[in-house]
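The chain contents come next:
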Amino acid sequence: MNVIGTVGLPGSGKGEAANVAEAAGIPVVVMGDVIRAECRRRGLDPAEHHGRIAGALREEEGDDAIAARTLPRIREAAAESDRGETVLVDGLRSTVEMERFREAFGDGFTLVAIRAPFELRAERLDARGRDDSDSDLEALRERDAREIDLGLGDTLERADVEIDNTGTLDEFRSRVRAVLGVDAEREEGEEGDAGEGSAATANAGGDGA
Ligand SMILES: Nc1ncnc2c1ncn2[C@@H]1O[C@H](COP(=O)(O)OP(=O)(O)OP(=O)(O)O)[C@@H](O)[C@H]1O
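Just so you know, the residues in each chain are numbered from 1, in the order the chain's sequence is written. Since the coordinates come from a predicted model, pLDDT governs what is reported: local features require at least 70, and pairs of side-chain atoms require 80 or more to be given and counted, while whole-chain, interface and lining totals use all residues.

K.L.:
So what exactly am I meant to see when it comes to the UniProt feature "binding site: ATP" (unreviewed entry) in the protein here?
P.N.:
UniProt positions are given in the numbering used here, feature names are shortened, and annotations may be inferred rather than shown by experiment. The UniProt record annotates "binding site: ATP" (unreviewed entry) at Gly8, Leu9, Pro10, Gly11, Ser12, Gly13, Lys14 and Gly15. Considering the arrangement of structural elements, one finds Gly8 in the loop between strand S1 (2–7) and helix H1 (14–23). Burial is judged by counting other C-beta atoms within 10 Å of a residue's own C-beta: 20 or more means buried, 12 or fewer means exposed, and anything between counts as partly exposed, with every C-beta placed from the backbone. For Gly8, a count of 26 C-beta atoms within 10 Å translates into the label buried. Here, residue contact means that the backbone-derived C-beta atoms of the two residues sit within 7 Å. Residues contacting Gly8, with those up to four places away along its chain left out, are Gly13, Lys14, Ala113, Ile114 and Arg115. Numbering of helices and strands runs from the N terminus, with a helix taken as a DSSP run of H or I at least four residues long and a strand as a DSSP run of E at least two residues long.

Structure, rendered in C-alpha cells:
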C-alpha cells in the first residue's frame, strides 16, 4: 500500500493536490469526513459542530482518534485505487496522527508538506471565497494559530517531502504529479509537464509556511 498524506496550512493547496490525485485515478480520503460522520451520528450539524466534535473524539479516544478512524477508510480506498493501492489522505494535523499512519503503513506512508506564505494563501483564499472567513485576514491568522496549536507546524517540519506552492497552479499540479508518480497523460483538459523531478525536494526544514 502506498499512502500519501498531505499537510499544509489553510489555503496552501491541499484541495488542489487532492484534485490532481483524483484526476489520476488515486482515491482521496479526507480525514474531516470522519468528524462529519461522527457529527451526524450524534445528530449534530457538521457545519456548526465540526471543531467541537474533533476535540471530543481526541478527548474520548486519544490524540490519534481521527487517524485511527480513518485507517479502515484508507484500506477500503486502496482496494479501489487504479494506481497500485495508492491513496491520498488529506487533513493530517499532528505528529501523533503522522505516527499512527507510520505505524500502520511503515515505509508505505509518505508525508508531503505543502507550503505557501501567508500573503499568498490569503490572496488565494480571498479569490476562492468559499465562505466569509476566506476573505478575512484576521480569521486566517486565527485559523493558522489554531492549526499550529494542534501540532500542524511540527508536522510540516517532519514531512518526508516538500512541495512549494508559490508559483502558478500548473507548476504546482506538475509538482504534485511528480510526487504521486503519475504523468500528465491521464489528465483530461489540462496541459501537463510532468516529470519535473526537481519539484519535490527532501525536507531540510524549510521556512516557506
Ligand atoms: N499555485 C496556485 N496558483 C493560484 N491559485 C492557487 C494555487 N494553489 C492553490 N490555488 C487556489 O487557492 C485556493 C486555496 O487552495 P486549496 O483550496 O487547495 O487550499 P487548502 O489547503 O485545501 O485550503 P483549506 O485548508 O483552507 O481548505 C483555491 O482556490 C486554489 O484553487
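K.L.:
For this particular structure, what's the right way to read the pairing of strand S4 (residues 109–115)?
P.N.:
In the case of a regular strand, side chains alternate between the two sheet surfaces. Burial within S4 is extensive, with 6 of its 7 residues counted as buried. Any two strands are treated as partners once DSSP identifies two or more bridges connecting them. Direction of pairing for S1 relative to S4: parallel, over a ladder of 5 bridges. Bridge pairing in S4 places Val3 opposite Phe109. With 4 bridges joining them, S4 and strand S5 (residues 161–164) adopt parallel strand pairing. Bridged to Arg115 within S5 is Asp164.

K.L.:
I'm lost on unusual backbone geometry in this one. Help?
P.N.:
The bulk of non-glycine residues show a negative phi, and the bulk of peptide bonds are trans. Of note, Glu85 is a non-glycine position whose phi angle comes to about 60°, a positive value. Mapped onto the secondary structure, Glu85 falls in the loop between helix H4 (65–80) and strand S3 (86–90).

K.L.:
What am I meant to see in the nonpolar core here?
P.N.:
Within soluble globular proteins, side chains that are nonpolar generally end up buried alongside one another. By convention the nonpolar core is taken to be a set of buried residues drawn from Ala, Val, Leu, Ile, Met, Phe, Trp, Tyr and Cys and joined through C-beta atoms within 7 Å. Ranked by internal contacts, the top residues of the largest apolar core, which has 46 residues, are Val3, Ala21, Val87, Leu88, Val89, Val112 and Leu180. Among the elements that make up this core, the one with the highest residue count is H4 (6 residues). Val3 has contacts with Ile74, Val87, Val89, Phe101, Phe105, Gly108 and Phe109, leaving out every residue within four places of it along the chain.

K.L.:
So what exactly am I meant to see when it comes to the environment of Gly62 here?
P.N.:
Looking at where Gly62 falls in the secondary structure, it is placed in the loop between helix H3 (46–61) and H4. On the basis of neighbour count, Gly62 is assigned to the partly exposed category, with 13 C-beta atoms found within 10 Å.

K.L.:
Help me understand the site of the ligand in this model?
P.N.:
Residue proximity rests on one test: whether the C-beta atom, placed from the backbone, lies within 6 Å of the molecule or strand. Among the 16 residues in the neighbourhood of the ligand, the closest are listed as Pro10, Lys14, Gly15, Arg124 and Arg128. Contributions of two or more residues to the shell around the ligand are made by H1, helix H6 (118–128) and helix H9 (169–180). Of the residues in the shell around the ligand, the class split is 4 nonpolar, 8 polar and 4 charged. Charged means Asp, Glu, Lys or Arg here, nonpolar means Ala, Val, Leu, Ile, Met, Phe, Trp, Tyr, Cys or Pro, and polar covers whatever is left, Gly included.

K.L.:
Would you take a moment to explain H9 for this structure?
P.N.:
Residue pairs three or four apart in sequence face the same way in an α-helix, which turns once every 3.6 residues. Over its 12 residues, H9 extends 16 Å from the first C-alpha to the last, a length consistent with the 16 Å expected when each residue adds 1.5 Å. The element H9 is extensively covered by neighbouring structure, given that 9 of its 12 residues are classed as buried. Backbone geometry just downstream of H9 places Gly181 in the positive-phi region, at approximately 75°. Expected helix span is taken as 1.5 Å per residue step, with the number of steps being one fewer than the number of residues.

K.L.:
What is the right way to look at the environment of Ala116 in this model?
P.N.:
Considering the arrangement of structural elements, one finds Ala116 in the loop between S4 and H6. On the basis of neighbour count, Ala116 is assigned to the buried category, with 23 C-beta atoms found within 10 Å. For the pair Ala116 and Asp164, spaced 48 residues apart in sequence, the C-alpha separation works out to 6.5 Å.

K.L.:
So what exactly am I meant to see when it comes to H6 here?
P.N.:
Residues of H6 that are buried: Arg121, Ala122 and Leu125. In a view along the axis of H6, the buried residues occupy a sector of 100°, so they form one face of it. Opposite the buried face of H6, at more than 90 degrees from it, the exposed residues are Glu119, Glu123 and Ala127. Turning to H6, the residues buried within the fold contact helix H7 (137–150). Taken from the residues just after H6, Gly129 is the one with a positive phi, measuring 50°. In this description, one arc is meant: the one made by directions from the helix axis to the C-beta atoms.

K.L.:
Sorry if this is basic, but what is going on with the packing of helix H2 (residues 32–41) against H3 here?
P.N.:
For any two helices packed against each other, the geometry is given by the interaxial angle and the distance between the axes. For the pair H2 and H3, interaxial distance at closest approach is 9 Å and the crossing angle is 100°. Judged on the interaxial angle alone, H3 and H2 are roughly perpendicular. Mapping the contact onto sequence places Ile35, Arg36, Glu38, Cys39 and Arg40 in H2 and Pro46, His49, His50, Ile53, Ala54 and Leu57 in H3. In the contact of H2 with H3, the residues fall into 6 nonpolar, 2 polar and 3 charged. To define axes, lines are fitted to C-alpha atoms, for helices over the stretch in contact only, and angles between the resulting N-to-C directions are given on a 0 to 180 degree scale. Roughly parallel refers to an angle under 35 degrees, roughly antiparallel to one over 145, roughly perpendicular to one between 65 and 115, and oblique to any angle outside these ranges.

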